[in-house]
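Summary of structural features
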Amino acid sequence: MTSLALIGGTGFDRLVGLEVARQEAVKTPYGEPSGPLLFGRLGEREWVFLPRHGAGHTIAPHQINYRANIRALKDAGVTRVIGLAAVGGIAAGLTPGRVVLPEQIIDYTWGRAHTFFDSPDAAVKHIEFAQPYSAPLRAKIIAAAEAGGVELASEAVYAVTQGPRLETAAEIDRLERDGASIVGMTGMPEAALAREAGMDYATLAIVVNPAAGRGGGGEINMETIAENLEVGGAKVMEIITRL
Ligand code: HPA
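The following refers to the structure shown. What you see as residue numbers is a count from 1 along each chain, following the sequence as written. Reporting of local features is limited, given that this is a predicted model, to residues whose pLDDT is at least 70; pairs of side-chain atoms are given and counted only at 80 or more, and all residues count toward the totals for whole chains, interfaces and linings. The basis for every side-chain value is the complete set of heavy atoms in the structure, and neither hydrogens nor water enter the calculation.

1. Some points on the site of the ligand
If a single non-hydrogen atom of a residue is within 4 Å of a molecule or strand, that residue counts as near it. In the vicinity of the ligand, the residues found are Ala-86, Val-87, Gly-88, Leu-166, Glu-167, Val-183, Gly-184, Met-185, Val-208 and Asn-209. Two N or O atoms form a polar contact when they lie within 3.5 Å of each other; inside protein one atom must be a possible hydrogen donor and the other a possible acceptor, and for residues adjacent in sequence the pair counts only when both atoms belong to side chains. Separating a nitrogen atom of the ligand from a side-chain N or O atom of Asn-209 is a distance of 2.7 Å. Protein chains shield 92% of the accessible area of the ligand, which is 260 Å² for the free molecule. Judged by the fraction of its atoms near the pocket grid, the ligand is located in the largest pocket. Of all the elements in the fold, those that place two or more residues in the shell around the ligand are strand S5 (80-89), strand S10 (182-184) and strand S11 (200-210). If one sorts the elements of the shell around the ligand by residue count, S5 sits on top with three residues. For this classification, the nonpolar set comprises Ala, Val, Leu, Ile, Met, Phe, Trp, Tyr, Cys and Pro, the charged set comprises Asp, Glu, Lys and Arg, and every other residue, Gly included, is treated as polar. When grouped by side-chain class, the residues that make up the shell around the ligand number six nonpolar, three polar and one charged. Areas reported as accessible are Shrake-Rupley estimates using a 1.4 Å probe. Residue values count occlusion only from the protein chains shown. For each structure, a 1 Å grid was placed over the protein atoms alone; sets of points admitting a 1.4 Å probe that cannot get out are labelled cavities, open sets with protein on both sides within 12 Å along at least five of seven lines are labelled pockets, and lining residues have an atom within 4 Å of a point. If over half the atoms of a molecule are within 2 Å of the grid points of a cavity or pocket, the molecule is regarded as sitting in it. The helix and strand labels rest on DSSP assignments: H or I over at least four residues marks a helix, E over at least two residues marks a strand, and numbering proceeds from the N terminus.

2. Things to note about the nonpolar core
Among buried residues, the Ala, Val, Leu, Ile, Met, Phe, Trp, Tyr and Cys ones that are joined through side-chain atoms within 4.5 Å form a nonpolar core. Accessibility here uses a 1.4 Å probe with only protein chains present; expressed as a share of the type maximum, an area under 20% marks a residue as buried, one over 50% as exposed, and anything in between as partly exposed. Grouped together as the largest cluster of nonpolar side chains are 37 residues, with contacts concentrated most on Leu-37, Ile-70, Leu-73, Val-81, Val-100, Ile-182 and Met-199. Elements represented by at least two residues in this core include exactly strand S1 (4-8), strand S3 (37-42), strand S4 (45-51), helix H1 (66-75), S5, strand S9 (157-160), helix H4 (190-196) and S11. The contact partners of Ile-182, leaving out residues within four places of it in the chain, are Val-87, Gly-88, Ile-90, Leu-94, Val-100, Pro-102, Val-157, Tyr-158, Ala-159, Ala-205 and Val-207. Val-99, Leu-101, Ala-144 and Ile-240 belong to the second largest nonpolar core, which has 29 residues in total. When checking whether two residues touch, look at their non-hydrogen atoms; a contact exists if any pair is within 4.5 Å.

3. Regarding unusual backbone geometry
The omega torsion across Gly-163 and Pro-164 is -5 degrees, close enough to zero to call that bond cis. You will see that His-57, though not glycine, has its phi angle at about 50 degrees, which is positive. Mapping His-57 onto the fold places it in the loop between S4 and H1. With relative accessibility at 35%, the residue His-57 sits in the partly exposed group.

Structural data, given as structure tokens:
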């Protein structure tokens, strides 16, 4: 059984290099995941791949059925999940094209179905989440990046905003005061749900733009985002194929 999964973010609606052996449309008690699960080979390993925003990138960050996605992977026998994400860079040095393995999260999202533990007939559980990402999985990713010669920023704090709009410059200043170094819209509740489901989870992020009001204060433009996704995406694939 395939135990590794990739949840693709913006720029990763398809996984170049994945030799898809089969795909499976599944249902869960929480509804349908973002699309069919794709089973295939990448590098030396079998992977399950699920594009978070749907195959045609049509599902906005706040509309993603995070519970169905995690439950579908769990039901498929997945034990380790890497969530790929395109993010804005807040901290100096986290410039477009850089690859980041965050080690902490601050959750600013609201109104998302964010727990499996809210069924009326089940006991409430409070997961341990001080270290939101799996240390063993992070160590493997760090080792793969080193082996592939990819520079990885591995001490970042990921601020997860509600979206789909981008932030104001003042909001980014606030996130920085809070200690955040990158900003994206999909890191939560995905990470917490994976923990609730007992799975190892890590986020691998590509900085695709300077966060609002940073990097000279110009507008965030989709063309440069696409270019940076390509540069960072090649580095991410180098890491993934070496895992
Ligand atoms: N903010 C939030 N989410 C993002 C950004 C950003 O600047 N870039 C890519 N995803």
